[in-house]
Amino acid sequence: HDRAMSSPVEVFESHRRHLFAVAYRMLGSVAEAEDMVQEAYLRWQAADAAAVVAPRAFLTTVVTRLCLDQLKAARRTRETYVGPWLPEPLATQASGSDAETLSLAFLVLLESLSAAERAAYLLHEVFDYSHAEVAQILDKDEAACRQLCHRARSHLAARRPRYAASKDQHLRLLTGFMQAVTAGDLAGITCLLSADAATYSDGGGRVRAALNVVRGADSIARLLLGLQRRWPLPEKTQGEVRELNGWPALVLRLEGQVQLALGIETDGEQIHALHIVLNPDKLTRL
């Protein structure tokens, strides 16, 4: 980027997508990520932009540190969150997007790391910053950052999400699952789910949702069919497949309002997890 020809606003805008990508993976919230990027912009304006030698490093540092503060605050509020917490779904384009590190399954797994581990891991493993650069961003020594990254990698390795070999394979499982649920086919649903499958439903206390993670293919199938019988979808409900977080997902709308977003974790053979976002606060941007 030719700095000499660019205004401070243009320089910032050239890094906006990268900053949002970091913030969203750090926080799992579109709204909060946008807030962090906006706050970084205000700080960029307040700084002497012309004197900043490496704008990308400067801005990444600002956003990362804002996200670390935000994560600490979020941890406190999550303790009182009603039912399972899921990330806010992000609409993505079919081309591009690092589907694996954007997937809901991966973002859920990141929640099990400390804020510092999450930052070190994402910056080094996902965004290719060196350990020395990560140390500068986090204001820690390099050995400590290596250790944070190592701990995070070890923790994630054992529980790494499974991914289909292609989006078409993923879509085939999603479509088969939707058809089985619509048909009320208990055996069909059970067959598509792995024996140890898990369903996470995030209603945030705002709408009706399972308050605990439901585990086991048979339990999940019976739950879904029971819900369908007791609370059938209104006739005007429209379903569409959209790409969310890098993978095909089901979005249900009623009179233009998104009611539900359902994503699956699959290896292309069976479904290992369902992520059902029902909290209306997390659906407005869809």
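Asks: I'd love a proper account of unusual backbone geometry, names of residues and values included.
Replies: The residue Asn245 is not glycine, and still its phi comes out positive at about 50°. In this fold, Asn245 is placed in the loop between strand 3 (238-244) and strand 4 (247-254). Of the residues examined, Asn245 reaches a relative accessible area of 2% and is grouped as buried. The residue Glu255 is not glycine, and still its phi comes out positive at about 50°. Take Glu255: it is sitting in the loop between strand 4 and strand 5 (257-266).

Asks: An account of the layout of surface pockets is requested, with residue identities and associated values reported.
Replies: Of the pockets and cavities examined, the largest pocket occupies roughly 1,100 Å³. Together, 32 residues line the largest pocket, and Trp231, Leu233, Leu252, Leu260 and Leu278 are the ones closest to its centre. Every element with two or more residues in the lining of the largest pocket is listed here: helix 9 (167-182), helix 11 (217-230), strand 3, strand 4 and strand 5. If you tally residues by element for the lining of the largest pocket, the top one is strand 5, at five residues. Looking at the lining of the largest pocket residue by residue, the class counts come to 23 nonpolar, eight polar and one charged.

Asks: Please set out the pairing of strand 1 (residues 193-202) residue by residue, giving values where relevant.
Replies: Extensive coverage of strand 1 is indicated by the burial of eight of its ten residues. Here strand 1 pairs with strand 6 (residues 271-277) via six bridges, running parallel. By the bridge assignment, Thr199 is partnered in strand 6 with Leu274. Two elements, strand 1 and strand 2 (residues 214-215), share two bridges in a ladder whose sense is antiparallel. Bridged to Ala198 within strand 2 is Arg215.

Asks: An account of the packing of aromatic side chains is needed here, citing residue identities and associated values.
Replies: This structure, assessed with the given rule, holds five aromatic pairs. Measuring from centroid to centroid gives 5.8 Å for Trp44 and Phe58, while their planes differ by 55°, and the two rings are tilted. Here Phe58 lies in helix 3 (residues 55-78) and Trp44 lies in helix 2 (residues 30-46), a separation of 14 residues in the sequence. Classification of Trp44 by relative accessible area gives buried; the value is 1%. The exposure class of Phe58 is partly exposed, given its relative accessible area of 27%.

Asks: Can you lay out the environment of Tyr41 for me, pointing to particular residues and giving the numbers?
Replies: Counting through the fold element by element, Tyr41 comes out in helix 2. Along the backbone, Tyr41 and Leu107 are 66 residues apart, and their C-alpha atoms lie at a distance of 25 Å. When sequence neighbours within four positions are dropped, the list of residues in contact with Tyr41 reads Val9 and Phe12.

Asks: Explain helix 6 (residues 115-126) to me, using residue names and the numbers behind them.
Replies: The terminal C-alpha atoms of helix 6, which comprises twelve residues, lie 16 Å apart, in line with the 16 Å expected from a rise of 1.5 Å per residue. In terms of burial, helix 6 is a largely internal element, ten of the twelve residues being buried. Listed as buried for helix 6 are Ala115, Glu117, Arg118, Ala119, Ala120, Tyr121, Leu122, Leu123, His124 and Val126. Asp128, located one to two residues past helix 6, shows a positive phi value of around 60°.

Conventions adopted
Residues numbered from 1 in each chain as written. Predicted model: local features only at pLDDT ≥ 70, side-chain atom pairs only at ≥ 80, totals over all residues. Heavy atoms only, no water. Helix = DSSP H or I, 4+ residues; strand = E, 2+ residues; numbered from the N terminus. Buried < 20%, exposed > 50% of the residue type's maximum accessible area, 1.4 Å probe, protein only. 1 Å grid on protein atoms, 1.4 Å probe; cavity = no way out; pocket = protein on both sides within 12 Å on 5 of 7 lines; lining within 4 Å. Points joined across faces, edges and corners; volume = space filled by probe spheres on them. Nonpolar A, V, L, I, M, F, W, Y, C, P; charged D, E, K, R; others polar. Pairing = 2+ DSSP bridges. Phe/Tyr/Trp six-rings, centres within 6.5 Å; stacked < 30°, edge-to-face > 60°. Contact = heavy atoms within 4.5 Å. Expected span 1.5 Å × (residues − 1).

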